Amino acid sequence: MSGSLGRTPESLKASGRSSEKLSLPILQGKIKRDPDGYETELQLIYKQFKASVDLFQQQAALSFSSVGSDPSVAKDLGDRAMFLAHVTPFYPKQLAEFPSQLTDLLRTSCLAMPSGLRNHVAQALILLMNRKSLVIEDLLALFLDVQCIGDRNLRKLAFSHIVQTIRKMSVTDPRHKGLQKIVISMLEQEDETKAKRALVTLCELLKKKVWLGDRHERVAIAICEACFHASPRIMVSSLRFLLDYENIEDEDDSDASDNDDDEDSKPENHVVINREAVYKANNKGTSSSKKKKQAKLQRAMKSIKKKQRASSESTTSTYSPLNHLNDPQKFAEKLLSRLQTGKSIGKTSERIETRLMMMKVIARTIGLHKLQLLSFYTYLQNYAKPHEKDVTQILAAAVQACHDGVPSDAVKPLFMQIVNQFVHDRSRPEAIAVGLNVIREMCLRIPELMTEELLQDLALYKKEHEKAISAGARSLIALFREINPSLLVKKDRGRPGGPVAKPKQFGEVNVFSDVPNVELLQKSDHESDSDEDDDDKRKMVDFDANLLSADTSLRALKRFAEAKSEQPSLDENDGILSNEDFRKIKDLQAHIRHKLTKEQRMELVKAGREDRVKYQSRTATKQKKVGGSSNKQKEHKKNMPLAAIRSKAGRSKRSKKIKKSNSGTQFRGRKAWK
């Protein structure tokens, strides 16, 4: 039955055709060339399809064991479904109910179908949607459901179709909101498998920059809210995505995320780009072989540049779904309360890896939105110990949670614990180096944490033989040379010069009292007002002359009054400047500078150099300098290594010997006798 149409000779004679056996692909090609001539065959195959569907559903309901083992039933049904999907655009009236029948078949009998039939039906539905017989709204929920069955090939097909279809939609398409609602509602379900597939779909579309930005902020918020899902797997997947993990899926789902038709996904011949390859491409072989080699090199260069651009974009990207949180304070507090739930504070039922991810997400939220969550620093004290697993990531989270809006008293216990636990004489060199670096980063964000005695003690580590420890201590000294040199010893402050820096107090903010060059705008407004007054006087004279004329229009006078009232001055705006005002100030500055003479411009340049130190030569600054010698000067006074001394002495001895041997001899010419 699969090879032929299963028609009787009577039906063939009635349709006016011979009783030869025609395969479905041949009939499909003939229908595309002449749809009206093969309407009888179409109706016959459509009836056979309906009968096959009814038979399959009855057998699946009765759960006959022989049904699942018979491959011919499933093969006939799949072949007819694909045939009808191909010819549906040519018979829109006759096959109007076919898309809905095929959708219902996959929805109701998906579990009872064999794997091959499921894939055939899914491909037929995708073909119908590409031919615009179905829309994505009809298939999105169904394709999300069929991914939970366990059929790997069907999951890859449905997932890639959803992602590619939404990627091809326009950015301003109003259907995005309805599709997001379907996926987010499935994410909020308690079923772990469905919620996982919905989360993977959202993350993939966000990573592909399809549902990205303020227009689709509900997607980012839904991914963040998935951190509080009842399923631990959903929570871990959401935390991983928020921490910029590339792949949030399991091992069996890892190959289902990328199904693009980019050049990177195609297998490429690896070409080694070196001097020899470039020389051969330009000088060796015939002209045709040279062109092939040059084209291969160009393709390799393009792929390398493309990978470099992609890597630079991924490393410089600062986007995070946490930016779109409506209430970041509530989000951080809720996640911290889930982290702290347990018998005692600091010990939860979650694994240490999950707790670490939760700490990092909380710290990133605090640093991103400048939040105040003082209990988080107390919680971190339970883990800020050298023997803890992944202690460097915990310390990185502590640094990320510090900002200038946090009072130093709340962070001081954690800071002192890091100092006491990591930086002491009995600690390992690696722990001391890590502690010094963490102390520097915390003091960079909150300088009030450091005291004078503690800084002077930590500065003594600059003389350690371990390079990592001495480098960490020197970087700490260099930091306080810039932000607060008064805490350092005099010899560590460096050369004096310039104003002494002072750290800001807690809550101190630099506020500008006025806008630079705003007087130019005010002056131009006054000049324009004076010009308008002169114009008004002239207009009043003209108005008196033309008052009695018939051409005077009240509408024109009304438009003039409205235009006059629509131009508010700077005083009417209460000193608030718009973008137009700033643009006007910039134009006035350029206009004034263009009108200045060369002498006036030189005066402006010299006035801008008043705060600078007078230029002097290097020798003059060396003679007038105060303090010790520089590191470069000290290098000249260091003793040479023993090998260098011996080689230098050997060279001098050889040069003296050669000079001595040449000094006693003199050329006296050729002898005249034998």
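Reading guide: rules and limits
- What you see as residue numbers is a count from 1 along each chain, following the sequence as written.
- Where local features are concerned, this predicted model is filtered to residues with pLDDT of at least 70; where side-chain atom pairs are given and counted, the filter is 80 or more; whole-chain, interface and lining totals use all residues.
- Note that water and hydrogens are dropped before the side-chain values are worked out from all heavy atoms of the structure.
- Here a Phe, Tyr or Trp ring, Trp counted by its six-membered ring, pairs with any other such ring whose centre lies within 6.5 Å, and the pair is stacked when the planes are under 30 degrees apart, edge-to-face when over 60, and tilted otherwise.
- Comment: elements are numbered from the N terminus, with helices defined as DSSP H or I runs of at least four residues and strands as E runs of at least two.
- Only protein chains enter the accessibility calculation, which uses a 1.4 Å probe; a residue is then buried when its area is under 20% of its type maximum, exposed when over 50%, and partly exposed in between.
- Patch membership requires over 30% relative accessible area and the absence of a salt bridge. Like charges are linked within 9 Å, and nonpolar side chains (Val, Leu, Ile, Met, Phe, Trp, Tyr) within 5 Å.
- For accessible areas, the Shrake-Rupley method is used with a probe of radius 1.4 Å. Any residue's cover is judged against the shown protein chains and nothing else.
- Here, a salt bridge means any side-chain nitrogen of Lys or Arg that lies within 4 Å of a carboxyl oxygen of Asp or Glu.
- Definition of a polar contact: a pair of N or O atoms within 3.5 Å, with one able to donate and the other able to accept a hydrogen when the atoms are protein atoms, and with sequence-neighbouring residues admitted only if both atoms are side-chain atoms.
- Only heavy atoms matter for contacts: two residues are in contact if any of them lie within 4.5 Å across the pair.
- Take the buried Ala, Val, Leu, Ile, Met, Phe, Trp, Tyr and Cys residues and link them wherever side-chain atoms come within 4.5 Å; each set so joined is a nonpolar core.
- What counts as a disulfide here is a pair of cysteine sulfur atoms lying within 2.5 Å.
- Values of pLDDT, which run from 0 to 100, indicate the predictor's confidence residue by residue.

Asker: Tell me about the packing of aromatic side chains, and name the residues and values.
Answerer: By convention here, two paired aromatic rings are described through the distance between centres and the angle between planes. Following the criterion strictly, the structure yields five aromatic pairs and no others. Ring centres of Tyr46 and Phe98 lie 6.5 Å apart, and the angle between their planes is 80°; this geometry places the pair in the edge-to-face category. Remark: Phe98 occurs in helix 6 (residues 98–108) and Tyr46 occurs in helix 3 (residues 39–62); sequence separation between them is 52 residues. Residue classification places Phe98 among the buried positions, given a relative accessible area of 0%. Between Tyr379 and Tyr383, the ring centres sit 5.4 Å apart and the planes meet at 50°, which makes this aromatic pair tilted. The class for Tyr383 is buried, based on a relative accessible area of 1%.

Asker: Break down a nonpolar patch on the surface for me, with residues and values.
Answerer: Taken together, the side chains of Ile273, Val278, Met301 and Ile304 make up a nonpolar region of the molecular surface, amounting to roughly 280 Å² of accessible area. Structurally, Ile273 can be placed in the loop between helix 13 (232–242) and helix 14 (275–283).

Asker: An account of the side chain of Ser237 is requested, with residue identities and associated values reported.
Answerer: Mapped onto the elements of the fold, Ser237 is located in helix 13. Within the structure, Ser237 has its side chain in polar contact with the backbone oxygen of Arg233 (distance 2.9 Å).

Asker: I'd like a description of the pattern of salt bridges, backed by residues and values.
Answerer: Here the idea is simple: oppositely charged side chains can pair when their charged atoms come close. Taken as a whole and judged by the stated rule, the model has 15 salt bridges. The residue Asp145 makes a salt bridge to Lys194 at a minimum N-O spacing of 3.8 Å. A residue pair is termed long-range when its members are at least 10 positions apart, and Asp145 in helix 8 (residues 136–146) and Lys194 in helix 11 (residues 192–207) qualify at 49 residues. When its relative accessible area of 31% is taken as the criterion, Asp145 is described as partly exposed. The salt bridge partner of Glu204 is Lys208, with a shortest N-O separation of 3.8 Å. Residue class for Glu204 comes out buried when judged on its relative accessible area of 3%. The structure contains a network of salt bridges with shared partners spanning Glu204, Lys207 and Lys208.

Asker: Give a detailed account of helix 13, specifying residues and quantitative values.
Answerer: Side chains three or four residues apart in an α-helix point the same way, a direct result of the helix having 3.6 residues per turn. Taken across its 11 residues, helix 13 has eight buried, putting it largely inside the fold. For helix 13, every residue scored as buried is listed here: Ile234, Met235, Val236, Ser237, Ser238, Leu239, Phe241 and Leu242. Where helix 13 is buried, its residues touch helix 10 (175–187), helix 11, helix 12 (217–225), helix 16 (328–340) and helix 17 (352–369). After helix 13 finishes, the residue Asp244 shows a positive phi value of roughly 65°.

Asker: Please set out the nonpolar core residue by residue, giving values where relevant.
Answerer: Counting residues in hydrophobic clusters, the biggest one holds 143 residues, and the most contacted among them are Leu102, Leu125, Phe143, Met450 and Phe480. Among the elements that make up this core, the one with the highest residue count is helix 7 (residues 115–130) (nine residues). Apart from the residues lying within four places of it in its own chain, the contact partners of Leu125 are Pro99, Leu102, Thr103, Leu106, Leu134, Leu139, Leu142 and Phe143.

Asker: Give me the lowdown on the state of the cysteines, citing residues and values where you can.
Answerer: In the structure shown here, the tally under the stated rule is zero disulfides. There is no disulfide at Cys227, and the cysteine sulfur nearest it, in Cys224, is 6.4 Å away. Judged by relative accessible area, Cys227 falls into the buried class, the value being 0%. Take Cys443: it sits in no disulfide, and the sulfur closest to it among the cysteines is that of Cys402, at 9.5 Å. Relative accessible area serves as the criterion here: at 0%, Cys443 is assigned to the buried category.

Asker: So what's going on with the confidence of the model for the protein? Residues and values would help.
Answerer: Summarising the model, the protein shows a mean pLDDT of 78, and 77% of its residues fall at 70 or more. In the model of the protein, helix 4 (residues 65–69) stands out as the element of lowest mean pLDDT, 43, in contrast to helix 21 (residues 429–445), which has the highest, 94. Long-range and interchain partners of residues 1–21, a stretch whose pLDDT sits below 50, account for 26 contacts in this model, where long-range means more than four residues apart. Low pLDDT, under 50, characterises residues 564–572; the predicted model gives this stretch eight contacts beyond four residues in sequence or across chains.

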